Amino acid sequence: MSTLEVKDLHVEVSDEESQETKEILKGVNLTMKTGEIHAIMGPNGTGKSTLSQTIMGQPAYHVTQGDILLDGTSLIDMSVDERARRGLFLGMQYPAEIQGVTNAEFLRAAINARRASDDQISVMDFLKKLDKNLALLDMSESMTERYLNEGFSGGEKKRNEILQLLMIQPKFALLDEIDSGLDIDALKVVSKGVNSLRGKDFGSLIITHYQRLLNYIVPDVVHVMMGGRIVKTGDADLAKTLEKEGYAGLRDDLGIDV
Ligand code: ADP
Ligand code: MG
Ligand code: MG
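Cut-offs and rules
- One numbering rule holds for all chains: residues counted from 1, following each sequence as written.
- The order in which chains are written sets their letters, starting at A; the order in which ligands are written sets their numbers, starting at 1.
- Reporting in this predicted model follows two pLDDT cut-offs: at least 70 for local features of residues, and 80 or more for side-chain atom pairs to be given and counted; totals over whole chains, interfaces and linings ignore these cut-offs and use all residues.
- As a rule, any residue with its backbone-derived C-beta atom within 6 Å of a molecule or strand is reported as near that molecule or strand.
- Segments assigned H or I by DSSP are reported as helices when at least four residues long, segments assigned E as strands when at least two residues long, and all are numbered from the N terminus.
- Asp, Glu, Lys and Arg are counted as charged, while Ala, Val, Leu, Ile, Met, Phe, Trp, Tyr, Cys and Pro are counted as nonpolar; the rest, among them Gly, fall into the polar class.
- Two strands form a pair only when DSSP identifies at least two bridges running between them.
- Two residues qualify as being in contact provided that their C-beta atoms, derived from the backbone, are within 7 Å of each other.
- Each axis is a line fitted through C-alpha atoms, taken for helices only over the stretch in contact, and angles between the N-to-C directions span 0 to 180 degrees.
- Residues are called buried when their C-beta atom has 20 or more other C-beta atoms within 10 Å, exposed when it has 12 or fewer, and partly exposed otherwise; all C-beta atoms are positioned from the backbone.
- Taken from the helix axis, the directions to the C-beta atoms give the arc we talk about.
- Under the definition applied here, buried Ala, Val, Leu, Ile, Met, Phe, Trp, Tyr and Cys residues are grouped into a nonpolar core through C-beta atoms within 7 Å.

Asks: For this particular structure, what's the right way to read the site of ligand 1?
Replies: Taken together, Val 13, Asp 15, Ile 24, Gly 42, Asn 44, Gly 45, Thr 46, Gly 47, Lys 48, Ser 49, Thr 50 and Ala 60 make up all the residues around ligand 1. Considering every element that reaches the shell around ligand 1, the biggest residue donor is helix H1 (residues 48-56), with three residues. Among the residues making up the shell around ligand 1, the classes are represented as three nonpolar, seven polar and two charged.

Asks: Whenever I open this one, the sheet that holds strand S1 (residues 3-14) confuses me. Can you help?
Replies: One key point about sheets: their strands pair by backbone hydrogen bonds, in either a parallel or an antiparallel sense. On the basis of which strands lie adjacent, the open sheet formed by four strands has the order S2-S1-S4-S5 and antiparallel pairing. The open sheet is flanked by strand S2 (21-33) and strand S5 (73-74), the only strands paired with a single partner. Sheet analysis places S1 next to S2, joined by 10 bridges and oriented antiparallel. Paired with Glu 5 across the two strands is Thr 31, which belongs to S2. With respect to the sheet, H1 is in contact with S1, S2 and strand S4 (62-70), its orientation differing from that of S2 by roughly 70°.

Asks: Explanation requested: helix H3 (residues 103-113) in the structure shown.
Replies: For the α-helix, the turn length of 3.6 residues means that residues three or four positions removed from each other point alike. Among the residues of H3, Asn 103, Leu 107 and Arg 108 are the ones counted as buried. The arc that holds every buried residue of H3, seen down its axis, measures 130°, which confines them to one face. The exposed residues of H3 that point more than 90 degrees off its buried face are Ala 109 and Ala 113. Buried residues along H3 sit against helix H4 (123-136), helix H5 (142-145) and helix H6 (154-168).

Asks: Where do I start with the nonpolar core in this structure?
Replies: Most often, soluble globular proteins have nonpolar side chains that are buried together. In this structure, Leu 174 and Ile 206 are the most contacted members of the largest nonpolar core, which totals 54 residues. Here Ile 206 is in contact with Ile 37, Ala 39, Leu 175, Leu 213, Ile 217 and Pro 219, once residues within four sequence places are set aside.

Asks: What's the story with the sheet that holds strand S10 (residues 229-234) in this structure? I'm lost.
Replies: Strand order in this open sheet of six strands is S6-S7-S8-S3-S9-S10, and the pairing throughout is mixed. Both edges of this open sheet fall to strand S6 (88-91) and S10, since each of them pairs with a single strand only. Neighbouring strand axes in the sheet, compared pairwise and without regard to direction, differ in orientation by 20° on average. The sheet contact formed by strand S9 (residues 221-226) and S10 spans five bridges and is antiparallel. Paired with Val 222 across the strands is Gly 234, a residue of S10.

What follows is the structure, given as structure tokens:
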């Protein structure tokens, strides 16, 4: 079992135009273990993406206080690559196009980058795993021979992101708004992919603005983030209450002004 801990995390970003720094995360605490799926919900602009980017180590996000630990080891001074090698995965909101690399080549490189040099995946094992996951996600094999993300529709990019997740099998997946822009059929496929990883060696932090996704990927724990802090934690029912009462209702209940 692995544990990912976020302790009193304070994060600043600098505005490119004004060069002013702004504190976005104001003391976030969160502990998750493999075997668990956590959801973070919250209004736009509240710091959800900042949290996932900071956990993954994107350099634009400056940690001014607090720590992020994987099995007790601080990740704070580690690069994105190092964190990925240790088992973290961040699903991008807008995955980039990478020129001249086919999807299959990218996937194999991504798997091998996370493995030791004497433990690289064989072509046979790679293809077997790829076929299995393509079938699970109802994706055509031709998708893997196309250049990564070039000319992919929004839905294809999301599906492909889940394909990456299934191929890489990280310890912890940070999935930021994987539901945005998906129709109901694509949402079901994406959810099926994530659910297929559920088990004692996999944990996920699912970030979403809406409750809908959580009907398909039922979380063990739901956190609500507002104003750069987690203001409430509960079980899957909390997401349903929020859907009914909205964030405004919760603001009133908690007497917070953010
Ligand atoms: P959410 O995902 O909850 O909608 P974000 O984490 O994307 O919220 O954004 C929180 C705040 O931080 C917003 O005011 C946003 O403009 C700001 N912010 C996020 N990332 C950056 C960045 N790289 N540079 C400048 N400001 C940023
Ligand atoms: Mg604090
Ligand atoms: Mg966001």
